[in-house]
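Observations on the model geometry
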Amino acid sequence: MTLKVAETVHGDWTVLRMCGELDLVSSPAVRRSVHEAVAEGRHDVVLDLSEVQFCDSSGVGVLIAARRLMRSCGGRLRLILPARGAEDGSHVNRVIGALGVRRLFDVYPDPCAAVDDVARPLPA
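For clarity, every value in this text was computed on a predicted model and none was experimentally measured. (Residues numbered from 1 in each chain as written. Predicted model: local features only at pLDDT ≥ 70, side-chain atom pairs only at ≥ 80, totals over all residues. Heavy atoms only, no water.)

A closer look at the sheet that holds strand 3 (residues 44–55)
A sheet is described by the order of its strands in space; here five strands give the open sequence 1-2-3-4-5, paired in mixed fashion. One side of each edge strand has no neighbouring strand; the edge strands of this open sheet are strand 1 (4–10) and strand 5 (106–108). Shown here is a sheet whose adjacent strand axes are inclined to one another by a mean of 25°, direction ignored. Bridge count between strand 4 (residues 76–80) and strand 5: three bridges; the pairing is parallel. (Pairing = 2+ DSSP bridges. Helix = DSSP H or I, 4+ residues; strand = E, 2+ residues; numbered from the N terminus. Axes fitted to C-alpha atoms, helices over the stretch in contact; angles between N-to-C directions.)

This is the structure we're talking about:
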């Protein structure tokens, strides 16, 4: 299965909605999308992973690289993962939790919360 990336803008936030599998083959598309947003001066990015069914270590690597890029340019990165949590079937939640990197990310349950500057991230 391929990964589809769709971009929308909500105020200051660029939301990149992904659907499919985030793996060695598809992770360059995510990296490219994040880099393009930054190159265009958009430094607040949300990665909507709610429709990602599979994520391997290269997918996690691209998430960490996106975090590093956003921090280096003074931007913000937020992830959307289903609120059901790691124990209830969110593959990306399970993977980033198992690798011990979940605490690195501000995670929100849905796009409305992710682009709301008052909303608080979900606990790690």
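Moving on from the model shown.
A short note on helix 3 (residues 91–98)
For helix 3, the full list of buried residues reads H91, V92, N93, V95 and I96. In this fold, the buried residues of helix 3 make contact with strand 3 and helix 2 (57–72). One or two residues past the end of helix 3 sits G100, with phi positive at roughly 75°. (Buried < 20%, exposed > 50% of the residue type's maximum accessible area, 1.4 Å probe, protein only. Contact = heavy atoms within 4.5 Å.)

Focus on the environment of V5
Looking at the secondary structure, you find V5 in strand 1. In this structure V5 comes out as partly exposed when scored by relative accessible area, which is 31%. Linking V5 and S33, residues 28 residues apart in sequence, is a C-alpha distance of 8.0 Å. Beyond its immediate sequence surroundings of up to four residues, V5 is in contact with L16, R17, M18, V30 and S33.

Quick notes on the pairing of strand 3
By the bridge criterion, eight bridges tie strand 2 (residues 13–22) to strand 3 in an arrangement that is parallel. In the strand pairing of strand 3, L22 is matched with C55. Taken together, strand 2, helix 1 (residues 27–39) and strand 3 form a β-α-β motif whose crossover is right-handed. Relative to strand 4, strand 3 runs parallel, the two being bridged by five bridges. Within the sheet, the bridge partner assigned to D48 lies in strand 4 and is I80. Where the polypeptide runs from strand 3 across helix 2 and back to strand 4, its parallel neighbour, the crossover connection is right-handed. (Right-handed = clockwise from strand over helix to strand, strands pointing away.)

Re the side chain of R102
By the element assignment, R102 lies in the loop between helix 3 and strand 5. In this structure R102 is buried but unpaired, with D106 as the nearest side chain of opposite charge at 7.0 Å. Within polar-contact distance, the side chain of R102 engages the backbone oxygen of P123 at 3.0 Å. Excluding residues that lie within four positions of it along the chain, R102 makes contacts with N93, I96, G97, V107, L122, P123 and A124. (Lys, Arg positive; Asp, Glu negative; His and termini not counted. Salt bridge = Lys/Arg side-chain N within 4 Å of Asp/Glu carboxyl O. Polar contact = N/O pair within 3.5 Å; in protein donor to acceptor, adjacent residues only side chain to side chain.)

Considering helix 1
Every α-helical turn comprises 3.6 residues, leaving residues that sit three or four positions apart pointing alike. In this model, helix 1 (13 residues) spans 18 Å end to end at C-alpha, consistent with the 18 Å of a helix rising 1.5 Å per residue. Regarding helix 1, the residues found buried are S27, V30, S33, V34, A37 and V38. Projection of helix 1 onto a plane perpendicular to its axis shows the buried side chains occupying an angular sector of 135°, all on one side. Residues of helix 1 that are buried in the fold lie against strand 1, strand 2, strand 3 and helix 2. G41 lies just past helix 1 and shows a positive phi near 85°. (Expected span 1.5 Å × (residues − 1). Arc of directions from axis to C-beta.)

Topic: the nonpolar core
Counting residues in hydrophobic clusters, the biggest one holds 28 residues, and the most contacted among them are M18, L22, L47, L49 and L63. Mapped onto this core, the elements with two or more residues apiece are strand 2, helix 1, strand 3, helix 2, strand 4 and helix 3. Sequence-distant contacts of L49, that is, excluding residues within four places in its chain, are made with M18, L22, L63, L79, I80, L81 and V92. The next biggest cluster of nonpolar side chains, apart from the first, holds seven residues, and it includes W13, V15, Y108 and A114. (Core = buried A, V, L, I, M, F, W, Y, C linked by side-chain atoms within 4.5 Å.)

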